[in-house]
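Remarks on the overall topology
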Amino acid sequence: MSKQLPSQGTKPVVRTREKTAPPPFYRVLMHNDDYTTMEFVVAMLEGIFHKTPPEANRIMLNIHVKGIGECGTYPFEIAETKVTQVHARASQEGFPLKCSLEKA
């Protein structure tokens, strides 16, 4: 069998793939205050950040002792949404709980 050669004047199609960089990640930090209860902090860690009860308690104690604790590392949009959710729930309950973002 003979192979057909491409006709003159046609060029093979060259496809290039663009490499996309992974999105930057951000650490969500929760700050200690003198008013928010430990139980509420644990509930936020379990409900919003999907931490297990032992993880949530460890992070809550870290926040209580050191003044700040890391809740997780996420792409910016997810981190920002989690911070907004914490602030909204804390406000509904009358707590001044603060979360912030820090580039990982």
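Above: the structure in question.
Right, let's walk through the structure included here. (Residues numbered from 1 in each chain as written. Predicted model: local features only at pLDDT ≥ 70, side-chain atom pairs only at ≥ 80, totals over all residues. Heavy atoms only, no water.)

Before going further, it helps to examine the sheet that holds strand β3 (residues 98-103). Read from one edge to the other, the open sheet built from three strands follows the order β2-β1-β3, with strand pairing classed as antiparallel. Each edge of the sheet is formed by a strand with only one pairing partner; in this case those strands are β2 (68-75) and β3. Each strand axis lies, on average, 30° off the axis of its neighbour in the sheet, ignoring direction. Direction of pairing for strand β1 (residues 25-31) relative to β2: antiparallel, over a ladder of seven bridges. Its bridge partner being in β2, leucine 29 is matched across the sheet by glutamate 70. Seen against the sheet, helix α2 (residues 53-66) touches β1 and β2 and runs at an angle of roughly 125° to β2. (Pairing = 2+ DSSP bridges. Helix = DSSP H or I, 4+ residues; strand = E, 2+ residues; numbered from the N terminus. Axes fitted to C-alpha atoms, helices over the stretch in contact; angles between N-to-C directions. Contact = heavy atoms within 4.5 Å.)

Our focus in this paragraph is the pattern of salt bridges. On inspection of all chains with the given rule, the structure shows two salt bridges. Among the salt bridges present, the one from glutamate 102 reaches arginine 27, with a minimum N-O distance of 2.2 Å. Taken as a pair, glutamate 102 in strand β3 and arginine 27 in strand β1 lie far apart in primary sequence, 75 residues in all. Ionic contacts of the salt-bridge type, sharing partners, join the residues Arg27, Glu70 and Glu102 into one network. (Salt bridge = Lys/Arg side-chain N within 4 Å of Asp/Glu carboxyl O.)

Turning next to the packing of helix α1 (residues 38-47) against helix α3 (residues 76-93). At a minimum axis distance of 11 Å, the contact between α1 and α3 shows a crossing angle of 145°. At the point where α1 passes α3, the crossing takes the right-handed sense. Facing α1, whose interface residues are Phe40, Met44 and Gly47, α3 presents Arg89, Ala90 and Glu93. (Left-handed = near helix turned anticlockwise from the far one by under 90°.)

In this structure the tally under the stated criterion is three aromatic pairs. Here the aromatic rings of phenylalanine 49 and tyrosine 74 are separated by 6.3 Å at their centres, their planes lie at 35°, and the arrangement is tilted. One end of the pair, phenylalanine 49, is in the loop between α1 and α2; the other, tyrosine 74, is in strand β2, with 25 residues separating them in the sequence. Under the relative-accessibility criterion, tyrosine 74 is labelled buried at 15%. Note that lysine 82 overlies the ring of tyrosine 74, its terminal NZ or CZ placed 5.2 Å from the centroid. (Phe/Tyr/Trp six-rings, centres within 6.5 Å; stacked < 30°, edge-to-face > 60°. Buried < 20%, exposed > 50% of the residue type's maximum accessible area, 1.4 Å probe, protein only. Lys NZ or Arg CZ within 6 Å of the ring centre and 35° of its normal.)

Another aspect to go through is the nonpolar core. Counting residues in hydrophobic clusters, the biggest one holds 22 residues, and the most contacted among them are Val28, Met30, Val41, Leu45, Phe49, Val86 and Leu97. Looking at this core, the elements that each hand over two or more residues are β1, α1, α2, β2 and α3. Sort the elements by how many residues they give to this core and α1 lands first, with five residues. Ignoring anything within four residues of it in the chain, the contact list for valine 86 reads Met30, Ile48, Phe49, Leu97 and Cys99. (Core = buried A, V, L, I, M, F, W, Y, C linked by side-chain atoms within 4.5 Å.)

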